[in-house]
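# Analysis of the macromolecular model
One letter stands for each residue in the lines below.
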Amino acid sequence: MTTHTFDAPQLDAPRGDLDQKPGARHTRSALLRRYQGQATRREVRRDVLTVGAWSLIATSIALFLADNGIRYFATLGGAITALGIIAGLVATAFMCLMLVLTARVPVIDATLGQDRATSLHAKLGRGMVFGLLAHGILLVYGYALSDKITPIATFTQLWTSSTDFIWACVAFLMLGVVGISSMVALRRKYPYEVWFGIHLTTYAAILASIPHQFSMSGMLAEGTWGRPFWAAMWLVTGGLMLAYRVILPILASLTHQFTVSRVTPVGPDAVSIEVTGRKVKELQARGGHWLNWRFLTPELAGQPHPFSLSAEPTDSTLRITVRNLGEGTARLMSLKPGTKVAIEGPYGMFTDASRTTDKVVLLGAGIGIAPIRALLESTEFAPGDAAVILRASTPDELYLLDEVVALCEAKGASLALLVGPRAGQSWVPVTDAGATLIDFVPWAAEADVYVCGPNPWMEAVLADVAACGIPAGARREVRLVTAPAAQARGAIRYAGSSPQPCARPGRVLYWPRD
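The notes below deal with the structure included here. (Residues numbered from 1 in each chain as written. Predicted model: local features only at pLDDT ≥ 70, side-chain atom pairs only at ≥ 80, totals over all residues. Heavy atoms only, no water.)

Before going further, it helps to spend a moment on the sheet that holds strand E5 (residues 305-308). If you trace the 6 strands from one edge of the open sheet to the other, you get E5-E4-E7-E2-E3-E6, paired in antiparallel fashion. Each having just a single partner strand, E5 and strand E6 (317-323) make up the two edges of the open sheet. For this sheet, the mean angle separating the axes of adjacent strands, direction not counted, is 35°. Relative to E6, strand E3 (residues 270-276) runs antiparallel, the two sharing 7 bridges. Across the sheet, Ile273 pairs through a bridge with Ile320, a residue of E6. (Pairing = 2+ DSSP bridges. Helix = DSSP H or I, 4+ residues; strand = E, 2+ residues; numbered from the N terminus. Axes fitted to C-alpha atoms, helices over the stretch in contact; angles between N-to-C directions.)

As structure tokens, then:
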């Protein structure tokens, strides 16, 4: 392992020395109580949301049974029909829940985070499609048994007798298209705009499916318990989507009136974009949050860009750091001051608000260093209780390094720079092949761990984090898609002033001086 240190004590020395400083234990103790308290409150909210979701599903089934649904089970055909109805009710509840998860409701975002909410959205989507498939098959077979005709004859009868049934079939096919387009393997073959356009058919499919729920089902007839329940479910779901995805973002953009004030190069292929606005503190954005950005030029207005903040917001400014990774981001390299900006957000749990303990480890790779830098600025820790690890294939990819070094020195965090080609499938460079997170941060198992970078690198980091025994609740990540890493051209040595090239790839440990 190639290691260069500069006026550095042993790895555990800063923590031992710190424990002897007056007030250090009090600071650490206060932070621990604070972060454990917010973690407990978040767990309570998660439990409430989970119970609420299952309660909605259970209530939909209970109301069906209460509205004489039990009588269906008197015959075999009726029992199959009842199971088909229940499958449809569960699938419809999944549909409402998956829409609410992507409505970016603040309490859900602050409890689950967008990554977790999106993952649950995808799982519910698959469950919804299978539930609707079971719904249709079981109903057709149940009706056929009850009427003593073939399933094909039953389907033909329904098709010719009800326009709403036709729309329901069309809706199912549309949802199937959405499901296929959402598969990761296929999504990568489409430009984002094409995939997003296909995904918008979800809303059309949902609208097409609603009429048959009321016109063809006696369980939602006038006077039943189910009718007001499902009417309320759809109204609440639609209201949340409209409020948090449309109305509030528009109001936020009108209120804050963001304008690009500065575009600063931070490397050969990246820039920092600073925007200035009104009442920025009211936005309640923190370092690590991400927002959807629309830069209002003819070429860019139709493209929302999900970028994380790269600095803690001030009273009047927000800042992001963007790397040129394709046609969309290439246009941002030449963005002009004075450009108007519309926003959605802030979103995500990659912030101080998701901390669970007093110690923290921050790992960033490439442009993933940007949100790590912002989080380093905004989060609190006692000196010696934070470690920052930056990873890059080349020195040019250590974005915002000077700012990270200054923050580490000012706040008392250790800094490790890992530069060079990856060692196989691991997250470390070849010069550190075989090293684990514990080798860099011996107390990592006691810390919250934040990771941001390209997906393959992050998967390797998170596998190492899990192997270190760090619980899932203490891990936070932001996933990026970046271009393939270039070959390494040397390492970085930090000696207290500006970075200088080393003779070969390696890592640097920098410890703040007392």
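The next thing to look at is the environment of Ala466. Note that Ala466 resides in helix H15 (residues 455-467). Judged by its relative accessible area of 37%, Ala466 falls in the partly exposed class. Spatially, the C-alpha atom of Ala466 lies 9.4 Å from that of Ala445, the residues being 21 residues apart in sequence. (Buried < 20%, exposed > 50% of the residue type's maximum accessible area, 1.4 Å probe, protein only.)

What follows covers H15. It helps to recall that an α-helix has 3.6 residues per turn; residues three or four apart then point in one direction. Under the 1.5 Å per step criterion, the end-to-end length of H15 is 18 Å for 13 residues, consistent within 8% with the ideal 18 Å. Of the residues making up H15, those classed as buried are Trp457, Met458, Ala460, Val461, Leu462, Asp464 and Val465. Looking at the residues trailing H15, positive phi occurs at Gly469, about 85°. (Expected span 1.5 Å × (residues − 1).)

Two quantities define a packed helix pair, namely the angle between the helix axes and the distance between the axes. Between helix H3 (residues 76-101) and helix H9 (residues 201-215), the least distance of the axes is 12 Å, while the angle of their chain directions is 145°. As H3 packs across H9, the resulting crossing turns out to be left-handed. Counting all contacts with H3, which are made through Thr92, Met95 and Leu99, the residues of H9 involved are Tyr203, Ile206, Ser209 and Gln213. (Left-handed = near helix turned anticlockwise from the far one by under 90°. Contact = heavy atoms within 4.5 Å.)

Among the structural elements, Gln38 can be located in helix H2 (residues 24-66). Not counting chain neighbours up to four residues away, the residues in contact with Gln38 comprise Asp352, Ala353, Ser354 and Arg355.

Attention now goes to the pattern of salt bridges. A complete count under the given rule lists 16 salt bridges for this structure. Among the salt bridges present, the one from Asp352 reaches Arg34, with a minimum N-O distance of 2.8 Å. With Asp352 in the loop between strand E7 (340-347) and strand E8 (360-365) and Arg34 in helix H2, this residue pair connects regions lying 318 residues apart in the sequence. Measuring nitrogen to oxygen at the nearest pair gives 3.4 Å for the salt bridge that ties Glu397 to Arg323. Of this pair, Glu397 sits in the loop between strand E9 (386-392) and helix H13 (401-411) while Arg323 sits in strand E6, and the two are 74 residues apart along the sequence. Taking relative accessible area as the criterion, Glu397 reaches 9% and is therefore assigned buried. Note on Arg323: relative accessible area 11%, which makes it buried. One salt-bridge network, held together by shared partners, links Arg28, Asp358, Lys359, Asp385 and Glu446. (Salt bridge = Lys/Arg side-chain N within 4 Å of Asp/Glu carboxyl O.)

By themselves, these are just geometric observations and shouldn't be taken as functional.
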